[in-house]
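Structural description and commentary
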Amino acid sequence: MKDDGNESATLATLANKRILLGMTGGIAAYKCAELTRLLSKAGADVRVVMTPAATEFITPLTMQALSGHRVHLDLLDVDAEAGMGHIELARWPDLIVVAPASADFLARMVSGQAGDLLTTLLLASQAPVMLAPAMNQAMWLHQATQDNLSKLRDRGCHIAGPAEGSQACGDTGPGRMLEPAEIAAACASLFVAGMLSGLRLTITAGPTREAIDPVRFISNHSSGKMGYALAAEAVQAGARVTLISGPVNLPVPDRVHCINVTTAQEMLDACLSSVDDSDVFVGVAAVADYRVSDTRDHKIKKTADTLQLTLVRNPDIIGTLAARKQRPLMVGFAAETQHIEQYGRDKLLRKNLDLLFANDATATFNSDDICATALWGDAGSQKLGPANKNLVARQMLTLIAARIRASQPDA
Ligand code: PMT
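Residues numbered from 1 in each chain as written. Predicted model: local features only at pLDDT ≥ 70, side-chain atom pairs only at ≥ 80, totals over all residues. Heavy atoms only, no water.

With that settled, consider helix α7 (residues 117-124). The element α7 is extensively covered by neighbouring structure, given that six of its eight residues are classed as buried. Every buried residue of α7 is accounted for by Leu 117, Leu 118, Thr 119, Thr 120, Leu 121 and Leu 122. As for α7, its buried residues are in contact with β1 (18-23), β2 (45-50), α5 (86-91), β3 (95-101), α6 (103-110) and β4 (129-133). (Buried < 20%, exposed > 50% of the residue type's maximum accessible area, 1.4 Å probe, protein only. Helix = DSSP H or I, 4+ residues; strand = E, 2+ residues; numbered from the N terminus. Contact = heavy atoms within 4.5 Å.)

Dropping the structure here:
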């Protein structure tokens, strides 16, 4: 993670949090040493539970030295039960992180097994759960694993990763555990409540539609999921949110003021009326760059073999708002199919934005998940995801809060 001093800001919400780190058997277990260091450095109290398989990859002594506490290993340990017993331990954490979460462990969680300390704690605890899967790419892609994940997601577990790349077994593909800094950032994003208290956000979402005639239009594949996730999470973080939405099939999140629009011009008009009352503007919408110059009043008949339409440029909404003298913190998105970070940074500069989330258009449109790179300043950058859009939305809001703090150094 490249960082211009924002790592501590991003992880600030972890101060005084109680985190139970559950480690299962996998080569990525060695990364938990650094994860523990990062969580502790951010002020979290970390207790470690290891399955027998995890102890084959890294010693409990190492984890004890890094966490500063005895590592919990056995369900039926007389000494441990005399100290913090397993039910007490289940009640202790604000968050349980399982990293690495092996395919076998996910399967045992799904079936509600309680044959070892970690599965028992997960059954007995009410704490939110973050899973950082790590396994061979074929195991990850297997339908059984995907079914297990979808059940765990439905039960409210947060899934961080995995990443793609070369694996210890020699394969290449999805299944690498996320880097410790990425897991720590995902954990921090779960504690954003109150982080945006008193702030007003305007968020655009979804596509715009530009009419060709009364029955046809130009548009794109944006589902609105990313913008709606940000709106819902921003409300949870204490913000007042105006959502300016193109046509999508999503329910408006609770306590969000939604203005429905169709065209880019309507979106611009709605944004202009909202922006003066905003502390932050977030442009998630996939605005159609062009509209038809002469929209027909009647349905075009298929009489000719070819049809020519003249397209004219739509207004650049975020560019227009960012050029104003009095402007809120300006946050943009860029969905690209190649040179994602380079094109994203070009847009950050060209549109005069404070923060931009560059993402892969082929993977993000209409998906439940997103993998993005946050870009700010001359060289600030941070990888987010791959993870569910709600989880990544919280990480994005954490970065937005950090940018607000950075813009008010004396506050
Ligand atoms: O809706 P989902 O299915 O969840 O998908 C999410 C998403 C892919 C739409 C989202 O993650 C995303 O990347 N949105 C930006 C899409 C895009 O490629 O925008 P752009 O590169 O055309 O524009 C860059 C920025 O300028 C964006 O903040 C955009 O909102 C803004 N813009 C663009 C054109 C325009 N005329 N006016 C604008 O304000």
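Spatially, β12-β11-β8-β13-β16-β17-β18-β19 is the arrangement adopted by the eight strands of the open sheet, whose pairing is mixed. For this open sheet the edge positions go to β12 (256-260) and β19 (380-388), each flanked by a neighbour on one side alone. Adjacent strand axes in the sheet meet at a mean angle of 20°, parallel and antiparallel pairs treated alike. Relative to strand β16 (residues 329-336), strand β13 (residues 280-283) is paired through four bridges, and the arrangement is parallel. If you follow Gly 283 over to β16, its bridge partner there is Gly 332. Sheet strands touched by helix α14 (residues 340-350): β16, β17 (355-360), β18 (369-376) and β19. Its angle to β17, the strand with the most contacts, is close to 150°. Taken strand by strand, helix α16 (residues 389-407) contacts β8 (200-205), β13, β16, β17, β18 and β19, and its axis lies near 155° from that of β19. (Pairing = 2+ DSSP bridges. Axes fitted to C-alpha atoms, helices over the stretch in contact; angles between N-to-C directions.)

We now examine the layout of surface pockets. Within this model, the largest pocket holds a volume of roughly 960 Å³. Lining of the largest pocket is provided by 41 residues; of these, Ala 285, Ala 286, Val 287, Asp 289 and Phe 333 occupy positions nearest its centre. Every element with two or more residues in the lining of the largest pocket is listed here: α11 (225-236), β13, α13 (317-322), β16, α14 and β17. Top contributing element to the lining of the largest pocket by residue count: β16, with four residues. The class makeup of the residues in the lining of the largest pocket is 19 nonpolar, 14 polar and eight charged. Lining the second largest pocket we find 25 residues, and of these Pro 162, Ala 363, Ile 370, Cys 371 and Pro 386 sit closest to its centre. (1 Å grid on protein atoms, 1.4 Å probe; cavity = no way out; pocket = protein on both sides within 12 Å on 5 of 7 lines; lining within 4 Å. Points joined across faces, edges and corners; volume = space filled by probe spheres on them. Nonpolar A, V, L, I, M, F, W, Y, C, P; charged D, E, K, R; others polar.)

Entries for the chain in the domain assignment read domain 1 (6-188) and domain 2 (200-292 + 308-407). For domain 1 versus domain 2, the separation of C-alpha centres amounts to 33 Å. Each partner contributes residues to the interface: domain 1 has 14 residues there, and domain 2 has 16 residues. Summed over both partners, the interface of domain 1 with domain 2 comes to about 1100 Å²; 52% of that surface belongs to carbon and sulfur atoms. The interface formed by domain 1 and domain 2 contains zero salt bridges. On the surface where domain 1 and domain 2 come into contact, there are one residue pair in polar contact (both at pLDDT 80 or more). When residues in the side of domain 1 that touches domain 2 are grouped by element, the largest group, three residues, is from helix α10 (residues 180-188). Looking at the side of domain 1 that touches domain 2 residue by residue, the classes come out as eight nonpolar, four polar and two charged. (Domains from an automatic or database assignment. Buried area = accessible area lost by both parts, 1.4 Å probe. Salt bridge = Lys/Arg side-chain N within 4 Å of Asp/Glu carboxyl O. Polar contact = N/O pair within 3.5 Å; in protein donor to acceptor, adjacent residues only side chain to side chain.)

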